[in-house]
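Structural overview for review
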Amino acid sequence: MLEVVIFYLSALIAIGGAVLMIAQRNPVASVLYLIVSLAAQAVLYIQLSALFVGALLIIVYAGAILVLFLFVIMLLNLRGEHFEGQDQKVGRITKYVLSGLFFIELVIIVRQLAIPARTDIVSAQTATDFGGVEPVAELLYTKYLFPFELTSVLLLVAVVGAVVMARREKSEKQGGV
Amino acid sequence: MTLTALAITAMIKVIVIISVALLGVAYSTYLERRLLGILQHRIGPIYAGPYGLLQPIADAVKLIFKEDFIPDNVERVTYTLAPVIMFIPALLTFAVIPVGDTITIMGHEIELVISDLNIGILYVFAITSLGVYGIVLAGWSSGSKYSLLGGIRSSAQMISYEIAYGLSIIGVVLLAGTLSLQELVAQQESFFSWYVFRQPVAFILFVVCAVAETNRAPFDLPEAEAELVAGYLTEYSSMKYAMFFMGEYANMLAVSSVATTIFLGGWQGPFLPPVLWFVIKVFLCMCVYIWIRATLPRFRYDQLMNFGWKVLFPLALLNTMVTALIKVL
């Protein structure tokens, strides 16, 4: 009984937070609602006894990435007024088309994945170490080793790219002076 | 044990640990002021009660009765929320810290930890990583340039040091083969099996990063009074101001408890009861914290960033790799 209450409560908070996130004009408030949504999602993972995944969600997203978001927003000192009055006609049409396509894609994926998976819910609940450290590590370092390593290369490229861009800006500035 | 009994013991444990932690927070301020006084050849607070022991209570009463002044151009909701966000994660850390061995009361075996998570260490890092929001939001919502600069400095500093902070623990985790704090303590039964001796580099890294994470001197740039008035604290008054201080001391206590548990054998020790050993070790960690503050001058900001990225981070990586190599061989 309690589990069901917690589930619906955190699911509601997760969805509500996500909706409020995109409904905000103030970028900092958006980030805050995203954090709330992420925290609720972490609760859902923990309910599936996937403690490790839940903890990672908080550490990586709430603890690091969103702090960076806030950092950038603060550095640029963005407030609500920066996000008004840019509603051009072409932009509006592409906006709706893209969102529509994305929504259709989402529906297709959910229809394909979620409904057959429903039969597995029982097995997921009974496996006590589901989403624990060992099972995740085992999958990551055996079955999904290649994509995992590819992701790390991608991240490395991103880091190098960021450094290159930051350096170029600096040298241009020095040249100007 | 029945479910009701379990719920009741859990409730009692939560209440006891939170009360003790809050008392600890209050008296950390007293400890800091007295110890700083002694280290700087002053007396420190001695007039409120015997040895000045009532000073924290006097301070609290004073701060509660101060006017809670809110400047005009603040973002009210975040401004009010920030001190709370700073304070709560620090308290939540204590949920996984084992403070003693299993004890038996009226036939019930009771573990002296609120929840022995099998990913205790990750929980601690997840929760501490949220503390930065308090400072960042305080800086942003105050609508003051000093606060904003303090907030920006703090977020940059915490992101930089969190990496080395997390990596410093990996060495211990590799050796221990577990993420549960209770099991870590169990592994450190004899004095020389403490992880401070088996992972000395990791311990030093952990201490340095912990000082930076809690924004204490010599890494207290977010509130450098010579440059930023009081940093993110500038626009706060009354209990909100006090909340930030409580958050800082609660963070110090939490980090000291984590250091004790991971590196200093937790509640293990001869003769005295385990809980007392735990308290003694945390107390000593707090004293070291204050000693560092009294000894070292503040870093310059670029020094701080260079130190974090070019010294601590590679060192932590190296430590992890060497430990992994030894483990494999």
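Residues numbered from 1 in each chain as written. Chains lettered and ligands numbered in written order. Predicted model: local features only at pLDDT ≥ 70, side-chain atom pairs only at ≥ 80, totals over all residues. Heavy atoms only, no water.

With that settled, the discussion passes to the overall build of chain A. Across its full length, chain A holds 7 helices and 0 strands. Going residue by residue from the N terminus, the α and β elements of chain A occur as α-α-α-α-α-α-α. The proportion of buried residues among the 177 residues of chain A is 20%. Contacts spanning at least 24 positions in sequence make up 62% of the contacts within chain A whose residues lie at least 6 apart. If you sum the accessible surface of chain A, you get close to 13300 Å²; carbon and sulfur atoms cover 71% of it. (Helix = DSSP H or I, 4+ residues; strand = E, 2+ residues; numbered from the N terminus. Buried < 20%, exposed > 50% of the residue type's maximum accessible area, 1.4 Å probe, protein only. Contact = heavy atoms within 4.5 Å. Areas by Shrake-Rupley, 256 points an atom, 1.4 Å probe, with all protein chains shown as cover.)

This paragraph deals with the interface of chain A and chain B. The interface of chain A with chain B comprises 22 residues on the first partner and 24 residues on the second. Taking both partners together, chain A and chain B bury about 2100 Å²; carbon and sulfur atoms supply 78% of that area. Taken together, the connections running from chain A to chain B amount to 0 salt bridges. Taken together, the links from chain A to chain B amount to 2 residue pairs in polar contact (both at pLDDT 80 or more). Here the side of chain A that touches chain B gets 14 residues from one element, more than from any other, and that element is helix H3 (residues 51-76) of chain A. (Buried area = accessible area lost by both parts, 1.4 Å probe. Salt bridge = Lys/Arg side-chain N within 4 Å of Asp/Glu carboxyl O. Polar contact = N/O pair within 3.5 Å; in protein donor to acceptor, adjacent residues only side chain to side chain.)

Bringing the nonpolar core into the picture now. Core analysis: the largest hydrophobic core is formed by 106 residues, its most contacted members being Phe-94, Leu-181, Leu-184, Phe-206, Phe-244, Ile-262 and Phe-263 of chain B. If you tally residues by element for this core, the top one is H3 of chain A, at 12 residues. Beyond its immediate sequence surroundings of up to four residues, Phe-94 of chain B is in contact with Ile-17, Ala-21, Ile-114, Ala-250, Leu-253, Ala-254 and Ser-257 of chain B. (Core = buried A, V, L, I, M, F, W, Y, C linked by side-chain atoms within 4.5 Å.)

On to the packing of helix H2 (residues 27-47) of chain A against H3 of chain A. Residues and elements named next belong to chain A. Contact geometry of H2 with H3 gives a least axis separation of 8 Å together with a crossing angle of 175°. Classified by the angle between their axes, H2 and H3 sit roughly antiparallel to one another. Along the contact surface, H2 presents Pro-27, Val-28, Val-31, Leu-34, Ile-35, Leu-38, Ala-39, Gln-41, Ala-42, Tyr-45 and Ile-46, while H3 presents Leu-51, Val-53, Gly-54, Leu-57, Ile-58, Tyr-61, Ala-62, Leu-66, Phe-69, Leu-70 and Ile-73. Its residues placed into classes, the contact of H2 with H3 shows 20 nonpolar, 2 polar and no charged. (Axes fitted to C-alpha atoms, helices over the stretch in contact; angles between N-to-C directions. Parallel < 35°, antiparallel > 145°, perpendicular 65-115°, else oblique. Nonpolar A, V, L, I, M, F, W, Y, C, P; charged D, E, K, R; others polar.)

In this structure the tally under the stated criterion is 10 aromatic pairs over all chains. Taking the centre distance of 6.1 Å and the plane angle of 70° together, the rings of Tyr-27 of chain B and Tyr-30 of chain B count as edge-to-face. Of this pair, Tyr-27 of chain B and Tyr-30 of chain B are both found in helix H1 (residues 3-39), 3 residues apart, which corresponds to roughly one turn of the helix. Owing to a relative accessible area of 28%, Tyr-27 of chain B belongs among the partly exposed residues under this scheme. Assessed through its relative accessible area of 12%, Tyr-30 of chain B is described here as buried. Centre to centre, the rings of Phe-203 of chain B and Phe-263 of chain B are 5.1 Å apart; their planes meet at 65°, and the pair counts as edge-to-face. Residue Phe-203 of chain B is found in helix H9 (residues 200-213), and its partner Phe-263 of chain B is found in the loop between helix H11 (238-262) and helix H12 (274-295); the two are separated by 60 residues along the sequence. With respect to burial, Phe-203 of chain B and Phe-263 of chain B carry one shared label: buried. An aromatic cluster of at least three residues, connected via ring pairs, comprises Phe-125, Tyr-165, Phe-203, Phe-206 and Phe-263 of chain B. Between the NZ or CZ atom of Lys-95 of chain A and the centre of the ring of Tyr-96 of chain A, over which it lies, the distance is 5.7 Å. (Phe/Tyr/Trp six-rings, centres within 6.5 Å; stacked < 30°, edge-to-face > 60°. Lys NZ or Arg CZ within 6 Å of the ring centre and 35° of its normal.)

Turning next to empty space enclosed by the protein. Residue and element names in this part refer to chain B. For the coordinates displayed, the defined rule picks out 2 cavities of 30 Å³ or more. In this model, the largest cavity occupies a volume close to 110 Å³. Lining the largest cavity are 14 residues, and of these Thr-128, Gly-131, Met-158, Glu-213 and Asn-251 sit closest to its centre. If you list the elements that add at least two residues to the lining of the largest cavity, you get helix H3 (76-93), helix H4 (120-130), helix H6 (145-176) and H11. By residue class, the composition of the lining of the largest cavity is 8 nonpolar, 5 polar and 1 charged. (1 Å grid on protein atoms, 1.4 Å probe; cavity = no way out; pocket = protein on both sides within 12 Å on 5 of 7 lines; lining within 4 Å. Points joined across faces, edges and corners; volume = space filled by probe spheres on them.)

Confidence in the prediction for chain A averages 78 pLDDT; 76% of positions are at 70 or higher. Between the elements of chain A, mean pLDDT differs from a low of 50, seen in helix H5 (residues 121-126) of chain A, to a high of 88, seen in helix H1 (residues 2-22) of chain A. (pLDDT = per-residue confidence, 0-100.)

Further remarks concern the side chain of Ser-180 of chain B. Residues and elements named next belong to chain B. For Ser-180, the position within the fold is in the loop between H6 and helix H7 (181-187). Overall, the relative accessible area of 2% leaves Ser-180 in the buried class. A polar contact is formed between the side chain of Ser-180 and the backbone nitrogen of Gln-182, at a distance of 3.4 Å. A polar contact of 3.3 Å, which involves the side chain of Ser-180, links it to the backbone nitrogen of Glu-183. Beyond its immediate sequence surroundings of up to four residues, Ser-180 is in contact with Asp-116, Leu-117, Asn-118 and Gly-120.

This next bit is on the packing of H6 of chain B against helix H13 (residues 301-328) of chain B. Residues and elements named next belong to chain B. As a packed pair, H6 and H13 sit with axes 9 Å apart at the nearest point and diverge in direction by 15°. The orientation of H6 with respect to H13, classified from their angle, is roughly parallel. Of the two elements, H6 crosses H13, and the hand of that crossing is left-handed. (Left-handed = near helix turned anticlockwise from the far one by under 90°.)

Our focus in this paragraph is the layout of surface pockets. Approximately 1600 Å³ is the volume found for the second largest pocket. What lines the second largest pocket is a set of 44 residues, among which Ala-39, Ala-40, Val-43 and Ile-58 of chain A together with Leu-92 of chain B lie closest to the centre. Elements with a minimum of two residues in the lining of the second largest pocket: H1, H2 and H3 of chain A together with H3, H4 and helix H5 (132-141) of chain B. Ranked by residues supplied to the lining of the second largest pocket, first place goes to H2 of chain A with 12 residues. Of the residues assigned to the lining of the second largest pocket, the class counts are 36 nonpolar, 6 polar and 2 charged.

Residue and element names in this part refer to chain B. Per the counting criterion, the structure on display carries 2 salt bridges over all chains. Among the salt bridges present, the one from Asp-59 reaches Arg-33, with a minimum N-O distance of 3.0 Å. Taken as a pair, Asp-59 in helix H2 (residues 55-65) and Arg-33 in helix H1 lie far apart in primary sequence, 26 residues in all. Judged by its relative accessible area of 22%, Asp-59 is partly exposed. A residue is classified by how much of its surface remains accessible, and Arg-33, at 35% relative accessible area, is partly exposed.

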